[in-house]
Amino acid sequence: QVPLVESGGGLVQPGGSLRLSCAASGSSFGRSAMAWYRQAPGKQRELIAGIGILGRKDYVDSVKGRFTISRDNAKNTMYLQMDNLKPEDTAIYYCNKDRRRSNIDYWGQGTQVTVSS
């Protein structure tokens with residue numbers, strides 16, 4: 001297991017911004033495709049943004065143009081810049097390996113993002 005620690009969540013107004021961070025331990029980070037996930041109350045966990053080993057990115061339509069995923073392999077850290085936040089973005093946000101490319105056997109505690117006026 002590779003510990004994953006999400007941070008940066010909080011309460012923001014619609015239209016506001018947050019930057020989430022994901023700190024990973026171990027030497028596998030740089031050779032793993034990674035992703036951000038979120039889970040809203042009563043809903044399943046959803047993959048919303050992925051980033052490949054060399055930085056290739058993809059997003060679900062609901063966040064495309066508003067969220068930006070990035071990674072710094074030297075720091076074993078991944079980021080999610082969230083702009084123009086909407087109430088529908090309210091969820092617990094998690095980072096992990098990209099489940100489309102790897103099996104996942106560990107989830108961190110996530111970080112809560114609440115968008116409310």
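As a reminder, the structure under discussion sits directly above these lines.
Since the model is a prediction, treat every value here as computed from it, not as a measurement.

### A few points about the overall build of the chain
Okay, so step 1: A count of helices and strands for the chain gives 0 helices and 10 strands.
Okay, so step 2: N-terminal to C-terminal, the α/β element order of the chain is β-β-β-β-β-β-β-β-β-β.
Okay, so step 3: Relative to its 117 residues, the chain shows a buried fraction of 41%.
Okay, so step 4: Excluding contacts between residues fewer than 6 apart, the proportion of contacts in the chain whose partners are at least 24 apart in sequence is 55%.

### Looking at the environment of Ser17
Okay, so step 1: Looking at the element boundaries, Ser17 is found in the loop between strand 2 (10-12) and strand 3 (18-24).
Okay, so step 2: Between the C-alpha atoms of Ser17 and Met82, which are 65 residues apart in sequence, the distance is 5.4 Å.
Okay, so step 3: The contacts of Ser17, once residues within four sequence positions are left out, are Val12, Gln81, Met82, Asp83, Asn84 and Leu85.
Okay, so step 4: Looking at Ser17, its side chain comes within polar contact range of the side chain of Asp83, at 2.8 Å.

### Structural notes on the sheet that holds strand 8 (residues 77-82)
Okay, so step 1: Read from one edge of the open sheet, 4 strands run 1-3-8-7, paired in antiparallel fashion. Each having just a single partner strand, strand 1 (4-7) and strand 7 (67-72) make up the two edges of the open sheet. On average, each strand axis in the sheet is tilted by 15 degrees relative to the strand beside it, whichever way the strands run.

### Comments concerning the pairing of strand 9 (residues 91-97)
In the case of a regular strand, side chains alternate between the two sheet surfaces.
Okay, so step 1: In terms of burial, strand 9 is a largely internal element, 5 of the 7 residues being buried.
Okay, so step 2: Pairing of strand 4 (residues 34-39) with strand 9, which is carried by 6 bridges, proceeds in the antiparallel orientation. Along strand 9, the bridge assignment pairs Met34 with Lys97.
Okay, so step 3: With 3 bridges joining them, strand 9 and strand 10 (residues 111-115) adopt antiparallel strand pairing. By the bridge assignment, Ile92 is partnered in strand 10 with Gln112.

### Some points on the layout of surface pockets
Okay, so step 1: Of the volumes computed, that of the second largest pocket is approximately 150 Å³.
Okay, so step 2: Contributing to the lining of the second largest pocket are Ala33, Ile51, Gly52, Arg56, Lys57, Asp58, Asp98, Arg100 and Arg101.
Okay, so step 3: For the lining of the second largest pocket, the class distribution of residues is 2 nonpolar, 1 polar and 6 charged.

### Thoughts on the environment of Ser28
Okay, so step 1: As for its position among the elements, Ser28 is in the loop between strand 3 and strand 4.
Okay, so step 2: Counting along the chain gives 48 residues from Ser28 to Asn76, while the straight-line C-alpha distance between them is 9.0 Å.

### Some points on the packing of aromatic side chains
Okay, so step 1: Under the criterion given, the structure shown has 2 aromatic pairs.
Okay, so step 2: Look at Tyr94 and Trp107: their rings are 5.8 Å apart centre to centre, the planes differ by 80 degrees, and that puts the pair in the edge-to-face class. Placement of the pair is Tyr94 in strand 9 and Trp107 in the loop between strand 9 and strand 10, with a sequence separation of 13 residues.
Okay, so step 3: The exposure class assigned to Trp107 is partly exposed, which follows from its relative accessible area of 28%.
Okay, so step 4: Members of the aromatic cluster, each reached through a chain of ring pairs, are Tyr37, Tyr94 and Trp107.
Okay, so step 5: Directly above the aromatic system of Tyr94 lies the positively charged group of Arg45, at a separation of 4.6 Å from the ring centroid.
Okay, so step 6: Arg45 extends its terminal NZ or CZ atom over the ring of Trp107, reaching a point 3.6 Å from the ring centre.

The rules behind the values
Residues numbered from 1 in each chain as written. Predicted model: local features only at pLDDT ≥ 70, side-chain atom pairs only at ≥ 80, totals over all residues. Heavy atoms only, no water. Helix = DSSP H or I, 4+ residues; strand = E, 2+ residues; numbered from the N terminus. Buried < 20%, exposed > 50% of the residue type's maximum accessible area, 1.4 Å probe, protein only. Contact = heavy atoms within 4.5 Å. Polar contact = N/O pair within 3.5 Å; in protein donor to acceptor, adjacent residues only side chain to side chain. Pairing = 2+ DSSP bridges. Axes fitted to C-alpha atoms, helices over the stretch in contact; angles between N-to-C directions. 1 Å grid on protein atoms, 1.4 Å probe; cavity = no way out; pocket = protein on both sides within 12 Å on 5 of 7 lines; lining within 4 Å. Points joined across faces, edges and corners; volume = space filled by probe spheres on them. Nonpolar A, V, L, I, M, F, W, Y, C, P; charged D, E, K, R; others polar. Phe/Tyr/Trp six-rings, centres within 6.5 Å; stacked < 30°, edge-to-face > 60°. Lys NZ or Arg CZ within 6 Å of the ring centre and 35° of its normal.

Keep in mind these numbers describe shape, not what the thing actually does.
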